[in-house]
Amino acid sequence: MSARHFLSLMDCTPQELNSLVRRGIELKDLRERGVLFEPLKNRVLGMIFEKASTRTRLSFEAGMIQLGGQAIFLSPRDTQLGRGEPIGDSAIVMSRMLDAVMIRTFAHSTLTDFAAHSRVPVINGLSDDLHPCQLLADMQTFHEHRGSIAGKTVAWIGDGNNMCNTYIEAAIQFDFRLKVACPEGYEPDAELMARAGDRVQVLRDPREAAAGAHLISTDVWASMGQEDEVAARLATFRPYQVDRALLDCAAENVLFMHCLPAHRGEEISHDLLDDPRSVAWDQAENRLHVQKALLEFLVEPAYHHA
(Lines give C-alpha, C1' and ligand atoms only; values in the text may rest on other atoms or scores of the structure.)
Protein backbone atom coordinates (compact mmCIF):
# COMPACT_ATOMS: atom_id res chain seq x y z
CA MET A 1 0.00 0.00 0.00
CA SER A 2 1.48 3.33 -1.00
CA ALA A 3 1.63 6.00 1.67
CA ARG A 4 -0.77 8.91 1.70
CA HIS A 5 1.03 12.30 1.59
CA PHE A 6 -0.10 15.83 2.44
CA LEU A 7 2.00 18.18 0.28
CA SER A 8 -0.89 20.36 -0.83
CA LEU A 9 -4.58 20.88 -0.05
CA MET A 10 -5.17 19.18 -3.42
CA ASP A 11 -3.96 15.87 -1.94
CA CYS A 12 -7.30 15.54 -0.11
CA THR A 13 -10.89 15.68 -1.23
CA PRO A 14 -13.05 18.60 -0.03
CA GLN A 15 -14.89 16.08 2.19
CA GLU A 16 -11.63 14.91 3.77
CA LEU A 17 -10.49 18.48 4.38
CA ASN A 18 -13.77 19.38 6.04
CA SER A 19 -13.59 16.29 8.23
CA LEU A 20 -10.02 17.21 9.26
CA VAL A 21 -11.32 20.63 10.36
CA ARG A 22 -14.18 19.05 12.32
CA ARG A 23 -11.79 16.53 13.86
CA GLY A 24 -9.41 19.35 14.85
CA ILE A 25 -12.29 20.93 16.76
CA GLU A 26 -13.06 17.61 18.50
CA LEU A 27 -9.42 17.05 19.47
CA LYS A 28 -9.25 20.63 20.81
CA ASP A 29 -12.28 19.90 22.98
CA LEU A 30 -10.69 16.68 24.30
CA ARG A 31 -7.54 18.57 25.24
CA GLU A 32 -9.50 21.37 26.94
CA ARG A 33 -11.36 18.73 28.99
CA GLY A 34 -8.09 17.03 29.91
CA VAL A 35 -9.02 13.75 28.22
CA LEU A 36 -6.03 11.56 27.45
CA PHE A 37 -6.21 10.30 23.84
CA GLU A 38 -3.16 8.46 22.51
CA PRO A 39 -3.90 6.71 19.20
CA LEU A 40 -0.31 7.16 18.00
CA LYS A 41 1.43 5.44 20.90
CA ASN A 42 4.94 4.32 19.85
CA ARG A 43 4.63 6.14 16.51
CA VAL A 44 7.52 8.46 15.61
CA LEU A 45 7.40 11.58 13.44
CA GLY A 46 10.63 12.81 11.86
CA MET A 47 10.70 16.60 11.41
CA ILE A 48 13.17 18.01 8.89
CA PHE A 49 13.69 21.76 9.12
CA GLU A 50 15.62 23.63 6.43
CA LYS A 51 13.82 26.82 7.51
CA ALA A 52 13.51 28.11 11.06
CA SER A 53 10.19 27.77 12.81
CA THR A 54 8.31 28.46 16.03
CA ARG A 55 4.71 27.37 15.44
CA THR A 56 5.41 24.51 13.03
CA ARG A 57 7.92 22.84 15.32
CA LEU A 58 5.94 23.36 18.51
CA SER A 59 2.63 22.25 17.04
CA PHE A 60 3.94 19.07 15.40
CA GLU A 61 6.18 18.10 18.31
CA ALA A 62 3.60 18.80 21.02
CA GLY A 63 0.90 17.24 18.85
CA MET A 64 2.77 13.95 18.47
CA ILE A 65 3.50 13.81 22.21
CA GLN A 66 -0.14 14.52 23.07
CA LEU A 67 -1.25 11.73 20.69
CA GLY A 68 1.06 9.35 22.59
CA GLY A 69 3.88 9.35 20.03
CA GLN A 70 7.21 11.13 19.72
CA ALA A 71 8.85 13.56 17.33
CA ILE A 72 12.50 13.89 16.32
CA PHE A 73 13.74 17.33 15.31
CA LEU A 74 16.35 17.43 12.54
CA SER A 75 17.97 20.68 11.46
CA PRO A 76 20.17 20.89 8.33
CA ARG A 77 23.16 20.54 10.64
CA ASP A 78 21.83 17.22 11.95
CA THR A 79 21.35 15.27 8.72
CA GLN A 80 23.21 14.19 5.61
CA LEU A 81 20.51 16.02 3.60
CA GLY A 82 22.41 19.26 4.12
CA ARG A 83 25.66 17.58 3.07
CA GLY A 84 24.75 16.29 -0.34
CA GLU A 85 23.06 12.92 0.20
CA PRO A 86 20.41 12.62 -2.55
CA ILE A 87 16.94 13.38 -1.18
CA GLY A 88 15.59 10.07 -2.52
CA ASP A 89 18.26 8.10 -0.64
CA SER A 90 17.48 9.93 2.60
CA ALA A 91 13.78 9.29 2.09
CA ILE A 92 14.26 5.55 1.58
CA VAL A 93 16.31 5.19 4.77
CA MET A 94 14.34 7.56 7.00
CA SER A 95 10.98 6.15 6.00
CA ARG A 96 12.14 2.66 7.05
CA MET A 97 12.62 3.93 10.61
CA LEU A 98 9.85 6.50 11.01
CA ASP A 99 6.05 6.46 10.82
CA ALA A 100 5.72 9.87 9.13
CA VAL A 101 7.96 12.73 8.04
CA MET A 102 7.21 16.46 8.18
CA ILE A 103 9.43 18.71 6.06
CA ARG A 104 9.76 22.49 6.19
CA THR A 105 11.86 23.52 3.22
CA PHE A 106 12.62 26.05 0.49
CA ALA A 107 12.13 24.22 -2.85
CA HIS A 108 8.80 22.41 -3.17
CA SER A 109 10.64 19.77 -5.26
CA THR A 110 12.41 18.66 -2.04
CA LEU A 111 9.00 17.52 -0.77
CA THR A 112 7.88 15.84 -3.98
CA ASP A 113 11.25 14.04 -4.37
CA PHE A 114 11.17 12.88 -0.76
CA ALA A 115 7.55 11.73 -1.01
CA ALA A 116 8.27 9.79 -4.23
CA HIS A 117 10.82 7.65 -2.33
CA SER A 118 9.08 7.45 1.05
CA ARG A 119 7.09 4.47 2.28
CA VAL A 120 5.46 6.59 5.03
CA PRO A 121 3.32 9.75 4.85
CA VAL A 122 5.15 13.00 4.09
CA ILE A 123 3.67 16.29 5.31
CA ASN A 124 4.45 19.75 3.92
CA GLY A 125 5.31 21.92 6.94
CA LEU A 126 5.90 24.83 4.49
CA SER A 127 7.67 25.24 1.19
CA ASP A 128 8.34 28.30 -0.97
CA ASP A 129 5.21 27.34 -2.94
CA LEU A 130 2.63 26.25 -0.36
CA HIS A 131 1.73 26.14 3.34
CA PRO A 132 -1.24 23.73 3.55
CA CYS A 133 -1.08 23.00 7.31
CA GLN A 134 -1.53 26.71 8.03
CA LEU A 135 -4.64 26.80 5.85
CA LEU A 136 -6.16 23.88 7.75
CA ALA A 137 -5.69 25.94 10.93
CA ASP A 138 -7.20 29.02 9.25
CA MET A 139 -10.22 27.02 8.11
CA GLN A 140 -10.70 25.52 11.58
CA THR A 141 -10.53 29.01 13.10
CA PHE A 142 -13.11 30.41 10.69
CA HIS A 143 -15.39 27.44 11.31
CA GLU A 144 -15.20 27.88 15.09
CA HIS A 145 -16.12 31.56 14.92
CA ARG A 146 -18.48 31.75 11.93
CA GLY A 147 -19.46 28.26 10.74
CA SER A 148 -18.93 27.08 7.17
CA ILE A 149 -16.79 29.26 4.90
CA ALA A 150 -18.48 27.88 1.76
CA GLY A 151 -19.91 30.72 -0.33
CA LYS A 152 -18.16 33.42 1.73
CA THR A 153 -15.72 36.06 0.46
CA VAL A 154 -12.08 36.14 1.56
CA ALA A 155 -9.56 38.91 0.90
CA TRP A 156 -5.82 38.30 0.74
CA ILE A 157 -3.84 41.53 1.08
CA GLY A 158 -0.13 41.76 0.21
CA ASP A 159 2.37 39.38 -1.38
CA GLY A 160 1.24 36.61 -3.75
CA ASN A 161 3.44 34.19 -1.78
CA ASN A 162 3.13 30.58 -0.57
CA MET A 163 0.30 31.56 1.79
CA CYS A 164 -1.58 33.34 -0.99
CA ASN A 165 -1.12 30.31 -3.29
CA THR A 166 -2.53 28.06 -0.58
CA TYR A 167 -5.51 30.39 -0.13
CA ILE A 168 -6.21 29.85 -3.84
CA GLU A 169 -6.20 26.08 -3.30
CA ALA A 170 -8.44 26.58 -0.27
CA ALA A 171 -10.89 28.66 -2.35
CA ILE A 172 -11.20 25.70 -4.72
CA GLN A 173 -11.45 23.03 -2.01
CA PHE A 174 -13.55 24.87 0.60
CA ASP A 175 -15.68 26.66 -2.02
CA PHE A 176 -15.25 30.34 -1.22
CA ARG A 177 -14.52 33.42 -3.31
CA LEU A 178 -11.05 34.96 -3.03
CA LYS A 179 -10.00 38.53 -3.81
CA VAL A 180 -6.23 39.09 -3.87
CA ALA A 181 -4.87 42.64 -3.57
CA CYS A 182 -1.17 42.78 -4.46
CA PRO A 183 1.25 45.14 -6.20
CA GLU A 184 2.10 44.52 -9.83
CA GLY A 185 4.78 41.87 -10.20
CA TYR A 186 3.86 40.12 -6.93
CA GLU A 187 0.95 38.02 -8.17
CA PRO A 188 0.31 34.46 -6.99
CA ASP A 189 1.09 31.38 -9.10
CA ALA A 190 -0.42 31.72 -12.59
CA GLU A 191 -1.15 28.00 -12.93
CA LEU A 192 -3.12 27.96 -9.66
CA MET A 193 -4.97 31.11 -10.73
CA ALA A 194 -5.97 29.40 -13.97
CA ARG A 195 -7.15 26.34 -12.09
CA ALA A 196 -9.27 28.46 -9.76
CA GLY A 197 -10.95 30.26 -12.65
CA ASP A 198 -13.41 33.00 -11.78
CA ARG A 199 -13.57 32.23 -8.05
CA VAL A 200 -10.25 34.13 -7.62
CA GLN A 201 -9.73 37.73 -8.66
CA VAL A 202 -6.52 39.81 -8.54
CA LEU A 203 -6.94 43.50 -7.73
CA ARG A 204 -4.53 46.37 -7.02
CA ASP A 205 -6.67 48.25 -4.47
CA PRO A 206 -6.80 46.72 -0.97
CA ARG A 207 -10.05 48.56 -0.21
CA GLU A 208 -11.71 47.02 -3.25
CA ALA A 209 -10.54 43.55 -2.15
CA ALA A 210 -11.72 44.11 1.44
CA ALA A 211 -15.20 45.28 0.42
CA GLY A 212 -17.73 42.74 1.69
CA ALA A 213 -15.05 40.28 2.84
CA HIS A 214 -15.89 37.90 5.70
CA LEU A 215 -12.22 37.10 6.26
CA ILE A 216 -9.13 39.22 5.64
CA SER A 217 -5.70 37.64 5.77
CA THR A 218 -2.15 38.85 5.22
CA ASP A 219 1.47 37.83 5.76
CA VAL A 220 4.89 39.47 6.09
CA TRP A 221 6.06 41.38 3.03
CA ALA A 222 9.44 39.65 2.81
CA SER A 223 9.51 35.91 3.46
CA MET A 224 12.45 33.80 4.62
CA GLY A 225 15.14 33.91 1.95
CA GLN A 226 14.10 37.36 0.69
CA GLU A 227 16.00 39.39 3.29
CA ASP A 228 17.98 41.22 0.58
CA GLU A 229 14.72 42.56 -0.89
CA VAL A 230 13.37 44.04 2.35
CA ALA A 231 13.94 47.75 1.63
CA ALA A 232 12.46 47.58 -1.87
CA ARG A 233 9.49 45.56 -0.67
CA LEU A 234 8.74 47.95 2.22
CA ALA A 235 8.30 50.79 -0.29
CA THR A 236 6.25 48.73 -2.77
CA PHE A 237 3.91 47.22 -0.20
CA ARG A 238 3.36 50.31 1.98
CA PRO A 239 -0.18 50.90 0.57
CA TYR A 240 -1.07 47.29 1.44
CA GLN A 241 -0.87 47.59 5.22
CA VAL A 242 -3.93 46.08 6.91
CA ASP A 243 -5.27 48.42 9.60
CA ARG A 244 -8.56 48.92 11.43
CA ALA A 245 -9.84 51.26 8.70
CA LEU A 246 -9.37 48.51 6.12
CA LEU A 247 -11.33 46.05 8.29
CA ASP A 248 -14.07 48.70 8.46
CA CYS A 249 -14.46 48.37 4.65
CA ALA A 250 -15.26 44.67 4.99
CA ALA A 251 -18.38 42.78 6.10
CA GLU A 252 -19.63 43.75 9.56
CA ASN A 253 -18.68 40.34 11.02
CA VAL A 254 -15.24 40.19 9.34
CA LEU A 255 -12.43 38.17 10.93
CA PHE A 256 -8.76 39.06 10.55
CA MET A 257 -6.04 36.39 10.34
CA HIS A 258 -2.25 36.42 10.13
CA CYS A 259 -0.14 33.24 10.05
CA LEU A 260 2.52 34.95 12.22
CA PRO A 261 5.19 36.04 12.95
CA ALA A 262 3.82 39.53 12.33
CA HIS A 263 5.83 42.67 11.73
CA ARG A 264 3.76 45.33 13.45
CA GLY A 265 3.97 48.66 11.68
CA GLU A 266 4.61 46.92 8.34
CA GLU A 267 1.97 44.54 6.92
CA ILE A 268 -0.31 45.29 9.87
CA SER A 269 -0.82 48.41 11.95
CA HIS A 270 0.64 48.32 15.47
CA ASP A 271 -2.77 47.83 17.09
CA LEU A 272 -4.34 45.32 14.70
CA LEU A 273 -3.76 42.12 16.68
CA ASP A 274 -5.55 43.78 19.62
CA ASP A 275 -8.64 44.47 17.51
CA PRO A 276 -11.58 42.24 18.58
CA ARG A 277 -11.95 41.19 14.93
CA SER A 278 -8.49 39.59 14.98
CA VAL A 279 -8.41 35.84 15.67
CA ALA A 280 -4.67 35.38 15.06
CA TRP A 281 -4.00 33.81 18.48
CA ASP A 282 -6.77 31.21 18.04
CA GLN A 283 -5.44 30.61 14.54
CA ALA A 284 -1.92 29.97 15.87
CA GLU A 285 -3.19 27.55 18.54
CA ASN A 286 -5.27 25.68 15.99
CA ARG A 287 -2.11 24.58 14.17
CA LEU A 288 -1.72 22.14 17.07
CA HIS A 289 -5.24 20.73 16.95
CA VAL A 290 -5.77 20.39 13.22
CA GLN A 291 -2.30 18.93 12.67
CA LYS A 292 -3.12 16.31 15.33
CA ALA A 293 -6.18 15.50 13.22
CA LEU A 294 -3.91 15.29 10.15
CA LEU A 295 -1.38 13.03 11.91
CA GLU A 296 -4.16 10.75 13.13
CA PHE A 297 -5.65 10.63 9.60
CA LEU A 298 -2.33 9.84 7.87
CA VAL A 299 -0.51 7.66 10.41
CA GLU A 300 -3.27 5.55 11.98
CA PRO A 301 -4.52 3.87 8.78
CA ALA A 302 -0.93 3.13 7.69
CA TYR A 303 -0.39 1.49 11.09
CA HIS A 304 -3.52 -0.67 10.83
CA HIS A 305 -2.66 -1.87 7.32
CA ALA A 306 0.98 -2.62 8.16
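Naming follows an unreviewed UniProt entry, where the protein chain appears as Ornithine carbamoyltransferase of Stutzerimonas stutzeri KOS6. Its UniProt record gives the protein chain a comment under Sequence similarities (unreviewed entry), which states: "Belongs to the aspartate/ornithine carbamoyltransferase superfamily. OTCase family."

(A) Focus on the overall build of the protein chain. Helices and strands together make up the secondary structure of the protein chain, namely eleven helices and nine strands. Taking 2.2 N^0.38 as the reference for a compact globule, 306 residues should give roughly 19 Å; the C-alpha atoms of the protein chain span a radius of gyration of 19 Å, in line with that estimate. The dimensions of the protein chain, computed from C-alpha atoms along their principal axes, are 55 × 45 × 35 Å. Counting only residues that meet the buried cut, the protein chain has 53% of its 306 residues in that class. Restricting to contacts in the protein chain with at least 6 residues of sequence separation, those with at least 24 account for 73%. A total accessible area of about 13000 Å² is found for the protein chain, and carbon and sulfur atoms account for 50% of it. Computed over 31 positive and 43 negative side-chain charges, the inter-centroid distance for the protein chain is 4 Å.

(B) Structural context of the packing of aromatic side chains. Following the criterion strictly, the structure yields five aromatic pairs and no others. Centroid distance Phe49 to Phe73: 5.1 Å. Interplanar angle 40 degrees. Geometry classified as tilted. Here Phe73 lies in strand S2 (residues 70-74) and Phe49 lies in strand S1 (residues 44-49), a separation of 24 residues in the sequence. Here Phe49 falls in the buried class, since its relative accessible area comes to 3%. Of the aromatic side chains, those joined through ring pairs into one cluster are Tyr186, Trp221, Phe237 and Tyr240.

(C) Highlighting helix H4 (residues 108-116). Among all positions in H4, only His108, Thr110, Leu111, Phe114 and Ala115 are buried. Angularly, the buried residues of H4 cover 155 degrees about the axis, an arc narrow enough to put them on a single face. Looking at the buried positions of H4, the neighbouring elements they touch are S1, helix H3 (87-97), strand S3 (100-104) and strand S4 (122-126).

What counts, and where the lines are drawn
In every chain, residue numbers begin from 1 and rise along the written sequence. Restriction of local features to residues with pLDDT of at least 70 applies here, the model being predicted, together with a cutoff of 80 or more for giving and counting side-chain atom pairs; totals for whole chains, interfaces and linings are based on all residues. Values reported for side chains reflect all heavy atoms of the structure, with hydrogen atoms and water molecules removed beforehand. UniProt positions are given in the numbering used here, feature names are shortened, and annotations may be inferred rather than shown by experiment. Secondary structure elements are taken from DSSP: a helix is a run of H or I of four residues or more, a strand is a run of E of two residues or more, and numbering for both begins at the N terminus. Throughout, the radius of gyration refers to the C-alpha atoms, and the reference size of a globule is 2.2 Å times the residue count to the power 0.38. Remark: exposure states derive from per-residue accessible area (1.4 Å probe, protein chains only) relative to the maximum for the residue type, with buried under 20%, exposed over 50%, and partly exposed in between. A contact between two residues is defined here by any heavy atoms of the two lying within 4.5 Å. The method behind every accessible area is Shrake-Rupley, applied with a 1.4 Å probe, and residues are considered shielded solely by the protein chains displayed. Residues scored as positive are Lys and Arg, those scored as negative are Asp and Glu, and His as well as the terminal groups of each chain are ignored. Each charge is placed at NZ for Lys, CZ for Arg, CG for Asp and CD for Glu. Pairs were defined over the aromatic rings of Phe, Tyr and Trp, the Trp ring being its six-membered one, requiring ring centres within 6.5 Å. Orientation was assigned from the angle between planes: stacked under 30 degrees, edge-to-face over 60, tilted for the rest. The arc refers to the directions leading from the helix axis to the C-beta atoms.

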